[in-house]
Amino acid sequence: RFHGVIRGLAEKIPTLAHSWCHKYETIYDQLDLPRSWIVTLEDSGWQTPSQLIEQFDRCWSEREEFATQLQKQVPVAVKQIDTFFDDMIRMGPR
């Protein structure tokens, strides 16, 4: 699930995540994406099927704004990751 979410976000596809740990929230926060696009285990434990459908419908109606945010944030994140690895290579083995 996690790698599927990462792939969707990397391809700039609005992605609804089903989270079972903090990694999902962390990546959405780093990309400044709405947490309303994450269904946690706690959410799915207390939400009725109709509430989950409402959440999906709400996300679907916000998909254009989400996509716009991805268009802005993903290139920034990729640059940060590239810089991190470039720095690691420059440091070389210790």
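Placed above this text is the structure.
Calculation rules
Residues numbered from 1 in each chain as written. Predicted model: local features only at pLDDT ≥ 70, side-chain atom pairs only at ≥ 80, totals over all residues. Heavy atoms only, no water. Helix = DSSP H or I, 4+ residues; strand = E, 2+ residues; numbered from the N terminus. Buried < 20%, exposed > 50% of the residue type's maximum accessible area, 1.4 Å probe, protein only. Contact = heavy atoms within 4.5 Å. 1 Å grid on protein atoms, 1.4 Å probe; cavity = no way out; pocket = protein on both sides within 12 Å on 5 of 7 lines; lining within 4 Å. Points joined across faces, edges and corners; volume = space filled by probe spheres on them. Nonpolar A, V, L, I, M, F, W, Y, C, P; charged D, E, K, R; others polar. Core = buried A, V, L, I, M, F, W, Y, C linked by side-chain atoms within 4.5 Å. Phe/Tyr/Trp six-rings, centres within 6.5 Å; stacked < 30°, edge-to-face > 60°. Lys NZ or Arg CZ within 6 Å of the ring centre and 35° of its normal. Arc of directions from axis to C-beta.

Run through the overall build of the chain, naming residues and quoting values.
Regarding its fold elements, the chain presents 5 helices and 2 strands. Along the chain, helices and strands appear, N-terminal first, in the series α-β-α-β-α-α-α. For the chain, the C-alpha atoms occupy an extent of roughly 55 × 30 × 15 Å along the three principal directions. Of all 94 residues assigned to the chain, the portion counted as buried reaches 30%. At a minimum sequence separation of 6, the contacts of the chain that also span at least 24 residues come to 39%.

Give a description of the layout of surface pockets that names residues and reports values.
Within this model, the largest pocket holds a volume of roughly 290 Å³. Around the largest pocket, the lining comprises 13 residues; the ones closest to its centre are Ile-27, Leu-31, Ala-77, Val-78 and Ile-81. Those elements that provide at least two residues to the lining of the largest pocket are helix H1 (2–10), helix H2 (22–30) and helix H5 (63–91). In terms of residue class, the lining of the largest pocket is made up of 10 nonpolar, 3 polar and no charged.

Give me the nonpolar core: which residues, what numbers.
Nonpolar side chains in soluble globular proteins tend to end up buried together. In this structure, Leu-9, Tyr-28, Leu-33 and Phe-66 are the most contacted members of the largest nonpolar core, which totals 17 residues. Those elements that provide at least two residues to this core are H1, H2 and H5. If you tally residues by element for this core, the top one is H5, at 4 residues. Ignoring any residue separated from it by four or fewer positions in sequence, one finds Tyr-28 in contact with Val-5, Leu-9, Thr-15, Leu-16, Ala-17, Leu-33, Pro-34, Trp-37, Ile-38 and Phe-66.

Requested: an account of the packing of aromatic side chains, with residues and values cited.
Enumeration over the complete set of coordinates arrives at 5 aromatic pairs. Ring centres of Phe-2 and Tyr-24 lie 5.2 Å apart, and the angle between their planes is 90 degrees; this geometry places the pair in the edge-to-face category. On the criterion of sequence distance, the pair formed by Phe-2 in helix H1 and Tyr-24 in helix H2 is long-range, its members being 22 residues apart. Look at Tyr-24 and you get buried, because its relative accessible area is 0%. The ring of Trp-60 carries the charged tip of Arg-63 above its face, separated from the ring centre by 3.9 Å.

So what's going on with H2? Which residues, and what values?
Owing to its 3.6 residues per turn, the α-helix brings residues three or four apart onto one side. Tyr-24, Glu-25, Ile-27 and Tyr-28 are the residues of H2 that are buried. Projected onto a plane normal to the axis of H2, the buried residues spread over an arc of 165 degrees and lie on a single side. The outward face of H2, more than 90 degrees from its buried face, is lined by the exposed residues His-22 and Gln-30. Buried-residue contacts for H2 involve H1, strand E1 (17–19), strand E2 (38–40) and H5. Directly after H2, the chain includes Asp-32, whose backbone phi takes a positive value near 55 degrees.

Honestly, that's just the spatial picture; any functional story needs more than this.
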